[in-house]
Amino acid sequence: MERLKGKVAVITGAGSGIGRAAAELMGAEGARIVVADYDTAAAEESAALIEESGGRALPVTVDVTDEGSIADMVNATVREFGALNVLCNHVGGTNPRTDLDLLRLDMDEFHRAVARNVTSTLLGTRHAIPHMLRAGGGSIINTASVAALVGDVLQTSYGAVKAAVVSITKSVAVQYGPQNVRCNAVAPGAVLTPALENNLPRGVIEDLKKGNALPRLGSPEDIGHTMVFLASDESRYLTGQLLVVDGGMTMQSSAAPGRRAQLPG
Ligand SMILES: NC(=O)c1ccc[n+]([C@@H]2O[C@H](COP(=O)([O-])OP(=O)(O)OC[C@H]3O[C@@H](n4cnc5c(N)ncnc54)[C@H](O)[C@@H]3O)[C@@H](O)[C@H]2O)c1
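Residues numbered from 1 in each chain as written. Predicted model: local features only at pLDDT ≥ 70, side-chain atom pairs only at ≥ 80, totals over all residues. Heavy atoms only, no water.

- Naming follows an unreviewed UniProt entry, where the protein chain appears as SDR family NAD(P)-dependent oxidoreductase of Streptomyces marokkonensis.
- Checking UniProt for the protein chain, the heading Sequence similarities (unreviewed entry) contains the comment "Belongs to the short-chain dehydrogenases/reductases (SDR) family." (UniProt positions renumbered as here; feature names shortened; annotations may be inferred.)

What follows is the structure in structure tokens.
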């Protein structure tokens with residue numbers, strides 16, 4: 001279990017949900033992890049979980065909407081571990097109560113969405129790349145969403161900012177590929193995390209399950225395993241890609257759940 005041996009990985013939003021799962025899985029594969037989150041206690045808890053399992057982790061308090069805070073996170077990483085090989089720009093999301101349809105969405109929420117999802121990804125990458133260039137390469141993993149691929153009745157800002165994250169991913173892959181810096185994005189479908197469970201009514205969660213080809217919703221580890229692959233040299237010929245990890249949600253015909261019920265016997 002040493003697929004990431006010798007690598008230093010920074011994961012933002014690693015205090016909870018998918019980010020914590022990715023941090024634990026990467027730690028178990030031998031990477032030294034910077035667990036970055038604006039919830040200091042949550043970051044410390046994730047770091048403790050990694051260390052209890054025999055890994056190495058540094059909790060760092062960061063607000064990814066603040067460039068100075070991002071710079072401090074990157075500097076703390078290099079000071080503690082001497083390098084930065086993997087960056088997961090994972091923080092994101094919008095408030096579904098105010099991120100509504102186009103006519104009713106709250107413009108302050110839109111601007112916050114840009115800061116939390118897009119500016120954070122752009123600046124995190126900008127501060128990390130010089131260290132990757134010095135190391136002869138690196139892997140950047142951006143968290144997008146299936147919302148970047150399909151239209152929805154709500155969360156107009158969320159779809160827009162995640163599509164921007166996919167675009168940044170491709171630009172970075174093209175611009176720094178010659179220096180061996182890879183950049184890919186992951187588009188999770190519905191994943192059972194505190195963010196999803198606190199924000200969606202139970203009925204909507206059941207509907208999401210019906211919309212999957214696989215018979216369940218995702219777990220944080222389902223996405224974390226994909227991130228381990230992208231962080232590792234196993235994905236060394238993969239760059240500029242969006243890996244859709246959604247249990248078959250977006251490839252399935254909308255008629256499929258009904259037609260499944262019509263199948264004979
Ligand atoms: N859960 C899903 O179904 C799902 C689906 C698609 C995409 N995603 C994406 O996955 C990412 C995380 O989602 P999650 O479900 O794991 O969320 P989560 O709420 O479980 O975890 C998010 C973490 O980010 C931290 N955070 C929030 N704002 C921050 C900031 N400004 N600076 C630093 N840390 C901050 C929080 O403290 C929390 O620990 C987001 O980008 C989200 O859009 C989630």
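Regarding helix 1 (residues 17–28)
Spacing of three or four residues puts side chains on the same side of an α-helix, whose turn is 3.6 residues.
Here is step 1: Between its terminal C-alpha atoms helix 1 stretches 17 Å, which fits the 16 Å expected from 12 residues at 1.5 Å a residue.
Here is step 2: Within helix 1, 10 of the 12 residues are buried, which leaves it mostly tucked inside the rest of the structure.
Here is step 3: Every buried residue of helix 1 is accounted for by Gly 17, Ile 18, Gly 19, Arg 20, Ala 21, Ala 22, Ala 23, Leu 25, Met 26 and Gly 27. (Helix = DSSP H or I, 4+ residues; strand = E, 2+ residues; numbered from the N terminus. Expected span 1.5 Å × (residues − 1). Buried < 20%, exposed > 50% of the residue type's maximum accessible area, 1.4 Å probe, protein only.)

Let's talk about the site of the ligand
Here is step 1: The ligand sits among 28 residues. The nearest are Ser 16, Asp 37, Tyr 158, Val 191 and Thr 193.
Here is step 2: Contact distances for the ligand include 3.1 Å between a nitrogen atom and a backbone N or O atom of Tyr 38.
Here is step 3: Between His 90 and the ligand, the recorded distance is 2.8 Å, taken from a backbone N or O atom to an oxygen atom.
Here is step 4: Surface burial for the ligand is 88%, taken as the share of its 850 Å² of free accessible area covered by protein chains.
Here is step 5: When residues in the shell around the ligand are grouped by element, the largest group, three residues, is from helix 6 (residues 194–199).
Here is step 6: Residues of the shell around the ligand, tallied by class, amount to 13 nonpolar, 11 polar and four charged. (Near = heavy atom within 4 Å. Polar contact = N/O pair within 3.5 Å; in protein donor to acceptor, adjacent residues only side chain to side chain. Areas by Shrake-Rupley, 256 points an atom, 1.4 Å probe, with all protein chains shown as cover. Nonpolar A, V, L, I, M, F, W, Y, C, P; charged D, E, K, R; others polar.)

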